[in-house]
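Examining the three-dimensional arrangement
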Amino acid sequence: MQRIASQIVWQFSLPFLLLLPGFALAGNPAPEDYLASESFVLEVRYCECQATNADNTLSDILPSFLKESRLLTLGISSEGKGFASSNELSIGYELKPVAGSPDQYQFNYAGNYTASNGGSAGAGELLLTQGQWVNLFGTRHEKDAGSQHSNVVVRLVKSGGS
């Protein structure tokens with residue numbers, strides 16, 4: 001009698017158990033789900049190419065740089081510090097809001113970029129305005145074949161928009 005009862009329980013349990021993984025996987029979070037509602041995305045772009053024109057206007061990043069560069073995207077809060085790295089780039093940073101200026105943040109950083117044409121490093125403190133690109137550091141070498149550049153730029157945007 002117990003054997004028949006356990007077979008009946010097994011027959012009714014089996015379909016439920018087969019459907020369970022579908023229910024468990026149906027609501028898997030996306031990476032963006034881990035961003036807090038008051039968080040920002042720090043976009044760090046780096047490339048062995050020229051980032052700005054010769055007049056070096058910091059906010060006028062060349063479209064060719066944006067197209068050719070690699071992107072490191074970091075989710076951060078409006079106040080905090082952290083570290084990120086890739087094969088070529090490592091950067092430590094701290095972000096603090098500027099009192100009375102809702103779109104401006106004090107950005108402290110230290111970073112290294114290793115390119116095939118040499119390495120570059122930078123450290124400093126600057127003012128980031130939300131949505132505006134800023135050239136952090138880079139190099140320019142004159143060679144027989146022309147100028148060789150490497151640059152690292154950054155911008156801060158609200159999570160979910162650019």
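Scroll up to find the structure.
Residues numbered from 1 in each chain as written. Predicted model: local features only at pLDDT ≥ 70, side-chain atom pairs only at ≥ 80, totals over all residues. Heavy atoms only, no water.

**A look at the sheet that holds strand E6 (residues 118–129)**
One open sheet accounts for 4 strands, arranged E3-E4-E5-E6; its pairing is antiparallel. One side of each edge strand has no neighbouring strand; the edge strands of this open sheet are strand E3 (80–85) and E6. Pairwise comparison of adjacent strand axes, ignoring direction, gives a mean angle of 10° for this sheet. (Pairing = 2+ DSSP bridges. Helix = DSSP H or I, 4+ residues; strand = E, 2+ residues; numbered from the N terminus. Axes fitted to C-alpha atoms, helices over the stretch in contact; angles between N-to-C directions.)

**Concerning the state of the cysteines**
In this structure the tally under the stated criterion is 1 disulfide. Through a disulfide, Cys-47 is tied to Cys-49; the S-S separation comes to 2.2 Å. Between Cys-47 and Cys-49, the S-S torsion sits near 130°, and that sign places the bridge as right-handed. Here Cys-47 and Cys-49 have matching classes, each one buried. (Disulfide = S-S within 2.5 Å. Buried < 20%, exposed > 50% of the residue type's maximum accessible area, 1.4 Å probe, protein only.)

**Things to note about the environment of Gly-92**
Among the structural elements, Gly-92 can be located in strand E4 (residues 89–98). When the C-alpha positions of Gly-92 and Lys-81 are compared, they lie 7.5 Å apart, and in sequence the two are 11 residues distant. Residues contacting Gly-92, with those up to four places away along its chain left out, are Gly-82, Phe-83, Asn-108, Tyr-109 and Ala-110. (Contact = heavy atoms within 4.5 Å.)

**Overview of the packing of aromatic side chains**
Scanning the entire structure with this criterion turns up 3 aromatic pairs. Their ring planes at 65° and their centres at 5.5 Å tell us that Tyr-46 and Tyr-113 sit as a pair that is edge-to-face. Here Tyr-46, found in strand E1 (residues 39–47), pairs with Tyr-113, found in strand E5 (residues 101–115); they are 67 residues apart in sequence, far enough to count as distant. Assessed through its relative accessible area of 5%, Tyr-46 is described here as buried. The class of Tyr-113 is buried, set by a relative accessible area of 4%. Plain terms: the ring middles of Phe-107 and Tyr-109 are 5.8 Å apart, the flat faces sit at 20° to each other, and that makes the pair stacked. Accessibility classification places Phe-107 together with Tyr-109 in one group, the buried group. (Phe/Tyr/Trp six-rings, centres within 6.5 Å; stacked < 30°, edge-to-face > 60°.)

**Comments concerning the nonpolar core**
Of all hydrophobic cores here, the largest spans 25 residues; its most connected members are Leu-42, Phe-107, Leu-128 and Leu-136. For this core, the element with the most residues is E5, which contributes 5 residues. Grouped together as the second largest cluster of nonpolar side chains are 8 residues, Cys-47, Ala-51, Ile-61 and Val-153 included. (Core = buried A, V, L, I, M, F, W, Y, C linked by side-chain atoms within 4.5 Å.)

**A short note on the pattern of salt bridges**
Under the defined criterion, the tally for this structure stands at 3 salt bridges. Notably, a salt bridge pairs Glu-88 with Arg-70, separated by 2.6 Å at the nearest N-O pair. Taken together, the residues Glu-88 in the loop between E3 and E4 and Arg-70 in strand E2 (residues 70–77) connect sequence positions 18 residues apart. A relative accessible area of 21% means that Glu-88 is categorised as partly exposed. On the accessibility criterion, Arg-70 (48% relative accessible area) is partly exposed. Linking Glu-94 and Lys-96 is a salt bridge whose minimum nitrogen-to-oxygen distance equals 3.9 Å. (Salt bridge = Lys/Arg side-chain N within 4 Å of Asp/Glu carboxyl O.)

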